[in-house]
Each structure stands twice: as structure tokens, then as C-alpha cells.
Amino acid sequence: VVSTQSTGKTRVTLDFAGRKIMEDSTATLDSEIGVVYEENSKDNRIRRESEDFEPVFIDQPNLPLNRTSQHFTTPKSELNKKKAAIRNQDKDFKLLRDEGMCLTMHQPWASLLVAGIKKIEGRSWYSSHRGRLWIHAAAKQPTTAEIRAVEDQYLDIRGNDVIFPEFYPTSAILGCVFVEDVLPKFENEEENSSEFLFVCKDAMALPVSIKSKGQHKIWKLGKQEHATVLDQLF
């Protein structure tokens, strides 16, 4: 019996009447390595297949399986609809609120606006204001001729049934209007000399005008003034 050892291997040779039987542990080692290699390869293949797999989420009964899932993405059209809805809600809130914003105007146009006779007011500047706007009459007293000329203009526009204010107070808050929009100059019967036009509706005149000092452009009423005009109006 001859026994030979080498690194990591054992070789045994038996001699029986000139016949040799050889046992080599290398084969066993190789087979074990092969099993481990096969298992590792299988694990790697399964891992690769799991990484390449893209799940399909079906949230509608008739969706085809090969269709891209809408579970995580929203179509652009839907996003636009949602953005538009948010903008509309914000616009509605802006239109309904009353922060006491006020505009000073000369007479007789100020009283005609809160009486609902005048519906467009012109300015050389743009404003983002929408919703309720309080109207203040400036200190300058109009002449009889000025009042008559403006009333004649609106008789032509509105017809002979229009009822004009009896008085044209000055240095006072007269009432309010609802500003629908502020637009660049467009053709109309009332105002053609201004760059921007305030389109107004829902005019409401106070039962009694409230004395107050005006300011330039759109300005904010004091807390007490705002509370007073609201009490009168509602």
C-alpha cells in the first residue's frame, strides 16, 4: 500500500496481483465545488431575474397587463386639471374676501359707480385686485356744468330711465363695487382714454356716506373705517 499526500489532496494506491485501484479525493472535492458553483449560479440567476422584474399594478378591471401602471404616475392632463382647480379655488377665495381695499375717485364719477350707472373705471396703471373694492370720493367739488355733462353722457349710454344720485358728496366713502377684472384698454362706451379698465359689477351705495381722507391708487381702509362701512352695508 502506497500512500501519498499532497496539498489539499490524498492519493491511495492498492496493488492486487498487478491490478491497481486508485482513490483520489480530488474528485470528491471537485464535485463538492461543482455543487456550490451550481447553487451560487442559480442564486445569481434568480437574483438577476428578480431585479429585472417590473411589477404591474392593476387598479382598473379592464387594464391590459402590458400597459404602464398609473399607480405611481398621474397623466399630464390630470395634473393640469388639478392645477386649474386650485387656481379657480384661489381665485374664488380672492373674489369673496374683503380686506378693506379702497379707490379714490373724482365726482361725479364716484357716485355714478356705486350707483351701478358707471360700470367701467379707467386707470393708467394695472392692478391685480379682484373682488370687493370700496369707493372714496375725492375732495374736489364738481361744478354743476361738469355734473350735467357726465349725466348727459350716461343718458345716451343707459337710456332715459336711468336715475342719477341726488347728491355728490366729497371726501367720503360712498359704497363699494365688485371688480371682475382689470383689462388692457378695449372699445367701450364709457372709458377710452385709459390704458387699463376696471370692469365692475354689484355696486352698493352706503345709506350715509362716511367722511374720510383718500389716498393715491388703491389703498387700505383703517380698521375702524372698515368696520363702520361694513356695519352700514350689512
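### Quick look at unusual backbone geometry
A negative phi holds for most residues other than glycine; trans holds for most peptide bonds.
Now for step 1: A cis amide bond, omega 10°, links Gln107 with the succeeding residue Pro108.
Now for step 2: With respect to the secondary-structure elements, Pro108 resides in the loop between strand S4 (101-105) and helix H3 (109-114).
Now for step 3: For Ser171, which is not glycine, the phi torsion reads 50° and is therefore positive.
Now for step 4: In this fold, Ser171 is placed in the loop between helix H4 (144-158) and strand S7 (172-184).
Now for step 5: Overall, the relative accessible area of 23% leaves Ser171 in the partly exposed class.

### Side note on the pattern of salt bridges
Now for step 1: Applying the stated criterion across every chain, the model contains seven salt bridges.
Now for step 2: The partner of Lys118 in a salt bridge is Glu121, and the shortest N-O contact between them spans 3.4 Å.
Now for step 3: Look at Lys118 and you get buried, because its relative accessible area is 3%.
Now for step 4: A salt bridge links Lys201 to Glu180, with the nearest nitrogen and oxygen atoms 3.6 Å apart. Within this pair, whereas Lys201 is found in strand S8 (residues 196-211), its partner Glu180 is found in strand S7, the two being separated by 21 residues in sequence.
Now for step 5: Judged by relative accessible area, which is 37%, Glu180 ranks as partly exposed.
Now for step 6: Beyond isolated ion pairs, a larger network of salt bridges with shared partners links Lys118, Glu121 and Arg123.

### Notes on helix H5 (residues 223-233)
Now for step 1: Where H5 is concerned, the buried positions are His226, Val229 and Leu233. An end-on view of H5 places all buried positions within 70° of arc, on one side of the element. Seen from the open side of H5, the exposed residues pointing more than 90 degrees away from its buried face are Lys223, Gln224 and Asp231.
Now for step 2: Against the buried residues of H5 lie strand S6 (131-137), S7 and S8.

### Overview of the environment of Val162
Now for step 1: Position of Val162 relative to the elements: it lies in the loop between H4 and S7.
Now for step 2: Given a relative accessible area of 16%, Val162 falls into the buried group.
Now for step 3: Setting aside its immediate chain neighbours within four residues, Val162 contacts Ile117 and Leu155.

### Things to note about the sheet that holds strand S5 (residues 120-123)
The pairing of strands in a sheet comes from backbone hydrogen bonds and takes either a parallel or an antiparallel form.
Now for step 1: Across the sheet, which stays open at both edges, the six strands sit in the order S5-S8-S7-S6-S4-S9 with mixed pairing between neighbours. The sheet terminates laterally at S5 and strand S9 (218-220), the two strands that pair on one side only. Along the sheet, successive strands turn relative to each other by an average axial angle of 45°, direction set aside.
Now for step 2: Taken together, the seven bridges between S6 and S7 define a ladder with antiparallel strand orientation. Bridge pairing links Trp134 to Cys176 in S7.
Now for step 3: Each of S6, S7, S8 and S9 touches H5; the most contacted strand, S8, lies at about 85° to it.

### Overview of the environment of Lys201
Now for step 1: Residue classification places Lys201 among the partly exposed positions, given a relative accessible area of 36%.
Now for step 2: Lys201 sits 83 residues away from Lys118 along the chain, and the two C-alpha atoms are 9.2 Å apart.
Now for step 3: Beyond its immediate stretch of four places on either side in the chain, Lys201 contacts Val177, Phe178 and Glu180.

### Some points on the environment of Ser124
Now for step 1: Looking at where Ser124 falls in the secondary structure, it is placed in the loop between S5 and S6.
Now for step 2: For the pair Ser124 and Pro184, spaced 60 residues apart in sequence, the C-alpha separation works out to 9.7 Å.
Now for step 3: Dropping the residues within four chain positions of it, Ser124 is found in contact with Glu195 and Phe196.

### Brief notes about the pairing of S4
Taken residue by residue, a regular strand's side chains alternate between the two faces of the sheet.
Now for step 1: The element S4 is extensively covered by neighbouring structure, given that five of its five residues are classed as buried.
Now for step 2: Burial of S4 is two-sided: the residues Met101, Leu103 and Met105 facing one way and the residues Cys102 and Thr104 facing the other way are all buried.
Now for step 3: In terms of strand pairing, S4 meets S9 through three bridges, oriented antiparallel. Note on S9: the bridge partner recorded for Leu103 is Ile218.
Now for step 4: Two strands pair when backbone bridges link them, and S4 and S6 are joined in this way by four bridges, in the parallel orientation. Counted as the bridge partner of Met105 is Ala137 from S6.

Rules and cut-offs
- For every chain, the first residue of its written sequence is number 1, and the numbers climb from 1 along that sequence.
- Two thresholds apply to this predicted model, a pLDDT of at least 70 for residue-level local features and 80 or more for giving and counting side-chain atom pairs, whereas whole-chain, interface and lining totals are computed over all residues.
- With hydrogens and water stripped out, all remaining heavy atoms of the structure feed into the side-chain values.
- Working definition: helices are DSSP H or I runs of at least four residues, strands are E runs of at least two. Numbering for both runs from the N terminus.
- For the exposure calls, accessible area comes from a 1.4 Å probe over protein chains only, and a residue counts as buried if that area is under 20% of its type's maximum, exposed if over 50%, partly exposed in between.
- What makes a salt bridge here is a side-chain nitrogen of Lys or Arg within 4 Å of a carboxyl oxygen of Asp or Glu, nothing more.
- Taken from the helix axis, the directions to the C-beta atoms give the arc we talk about.
- The contact rule is simple, with two residues in contact once any of their heavy atoms fall within 4.5 Å.
- Here, strands pair whenever DSSP counts at least two bridges between them.
- For every element, the axis is a line fit to its C-alpha atoms; helices are fit only across the contacting stretch, and the angle between N-to-C directions ranges from 0 to 180 degrees.

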